[in-house]
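Notes for the structure review
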Amino acid sequence: MTVEEEVRAEAAASDAVLVGNDAELIANCWTDDWVAVDATGITPKADIIGWIASRRLQHNSMTTVGGERIARVGDTVVLTARKASSGSWDGASYATEEWISQVYVRVHGRWLQAFCHKA
């Protein structure tokens with residue numbers, strides 16, 4: 001399996017774990033210093049994991065709908081894709097489509113997400 005295939009597989013597995021809403025499993029897919037960036041600013045891993053653990057944030061679906069691209073530099077890979085997701089935030093349902101760029105790094109032989117940017 002190529003590095004690109006490994007990262008695609010890890011990204012798909014991470015999306016499935018995210019939809020499962022198990023905070024501990026999700027935390028294991030991300031590096032300790034993982035952050036998400038969107039139009040509102042930077043959100044650290046601890047916040048997202050806490051929201052999922054408390055069920056404040058729940059994911060029902062996460063699907064790649066197009067535009068997937070992978071760029072590799074050494075043991076760092078950037079995956080960019082158009083993704084559709086749905087779930088709930090503070091009890092209110094949401095459904096969205098957005099561009100997502102995710103940075104993956106190899107840690108102890110496994111690809112972990114270190115950064116996520118949504119636009």
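Everything that follows concerns the structure shown earlier in this document.
Reference entry: report on the structure contained in this document. Since we're looking at a predicted model, the values are computed, not measured. Along each chain, residue indices are assigned from 1 in the same order as the chain's sequence is written. With the structure being a predicted model, the display of local features is reserved for residues of pLDDT at least 70 and the display and counting of side-chain atom pairs for 80 or more, all residues being used for whole-chain, interface and lining totals. Note that water and hydrogens are dropped before the side-chain values are worked out from all heavy atoms of the structure.

**Structural notes on helix H3 (residues 45–53)**
Of all the residues in H3, the buried ones are Lys 45, Ile 48, Ile 49 and Ile 52. Down the axis of H3, the buried side of the element spans an arc of 95°, and every buried residue falls inside it. When checking whether two residues touch, look at their non-hydrogen atoms; a contact exists if any pair is within 4.5 Å. Helix and strand assignments follow DSSP, with helices taken as H or I runs no shorter than four residues and strands as E runs no shorter than two, numbered in order from the N terminus. Among the structural elements, helix H1 (3–20), helix H2 (23–27), strand S1 (30–38), strand S2 (41–44) and strand S3 (57–73) are those in contact with the buried residues of H3. Arg 55 sits one or two positions beyond H3 and adopts a positive phi of about 70°. Summary of the burial criterion: residues with accessible area below 20% of their type's maximum are buried, those above 50% are exposed, and those between are partly exposed, where the area comes from a 1.4 Å probe applied to protein chains only. Arc definition: it is the arc formed by the directions from the helix axis to the C-beta atoms.

**Notes on the sheet that holds S2**
At least two bridges found by DSSP between two strands are what make those strands a pair. If you trace the 6 strands from one edge of the open sheet to the other, you get S2-S1-S6-S5-S4-S3, paired in mixed fashion. The strands lining the two open edges of the sheet, one partner per strand, are S2 and S3. On average, adjacent strands in this sheet sit at an angle of 25° to one another, irrespective of strand direction. Both strand S5 (residues 92–107) and strand S6 (residues 110–118) contribute to a ladder of 8 bridges, which runs antiparallel. Looking across to S6, one finds that Tyr 104 is bridged to Gln 113. Lines fitted to C-alpha atoms define the axes here, with helix axes fitted over just the stretch in contact, and angles between the N-to-C directions of these axes take values from 0 to 180 degrees. Together, S1, S3, strand S4 (76–89), S5 and S6 form the strand contacts of H1, whose direction differs from that of S3 by roughly 170°. Lying on the sheet, H3 is in contact with S1, S2, S3 and S4; it crosses S2 at an angle near 65°.

**Topic: H1**
Working note: α-helix, 3.6 residues per turn, so residues spaced by three or four point in the same direction. Here the expected span of a helix is defined as 1.5 Å times the quantity of residues minus one. The terminal C-alpha atoms of H1, which comprises 18 residues, lie 26 Å apart, in line with the 26 Å expected from a rise of 1.5 Å per residue. For H1, the complete set of buried residues consists of Val 3, Val 7, Glu 10, Ala 11, Ser 14, Asp 15 and Leu 18. Taken end-on, H1 shows its buried residues confined to a sector of 140°, consistent with a single buried face. Summarising the geometry of H1, the exposed residues directed more than 90 degrees from the buried face are Ala 16 and Gly 20. A positive backbone phi angle near 60° is found at Asn 21, which sits one or two residues after H1.

**Digging into the pairing of S5**
Summarising the sheet, S4 and S5 pair through 14 bridges and their orientation is antiparallel. Each bridged residue has a counterpart across the sheet, and for Thr 80 the counterpart in S5 is Ser 101. Connecting S5 to the antiparallel partner S6 that follows it, the hairpin turn spans 2 residues, and His 108 within it adopts a positive phi of roughly 50°.

**Re the nonpolar core**
Buried together is how nonpolar side chains tend to be arranged in soluble globular proteins. Only buried residues count toward a nonpolar core, which is a set of Ala, Val, Leu, Ile, Met, Phe, Trp, Tyr and Cys residues joined through side-chain atoms within 4.5 Å. Residues Leu 18, Ile 26, Trp 30, Trp 34, Ile 48, Ile 49 and Ile 52 are the most contacted members of the largest nonpolar core, which totals 15 residues. Listing elements by their share of this core, those giving two or more residues are H2, S1, H3 and S3.

**Here's the deal with the pattern of salt bridges**
For salt bridges, the criterion is a side-chain nitrogen of Lys or Arg within 4 Å of an Asp or Glu carboxyl oxygen. One pass over the structure, following the stated rule, counts 9 salt bridges. Two residues, Glu 10 and Arg 110, come together in a salt bridge whose shortest N-O distance is 3.3 Å. Here Arg 110 lies in strand S6 and Glu 10 lies in helix H1, a separation of 100 residues in the sequence. Looking at Arg 110, the relative accessible area reads 33%, which means it is partly exposed. With a shortest N-O distance of 3.3 Å, Glu 97 and Arg 82 are connected by a salt bridge. Linking Glu 97 in strand S5 with Arg 82 in strand S4, this pair joins segments that are 15 residues apart in sequence. Note on Glu 97: relative accessible area 45%, which makes it partly exposed. Look at the salt bridges and you will find they share partners, linking Glu 6, Asp 75 and Arg 106 into a network.

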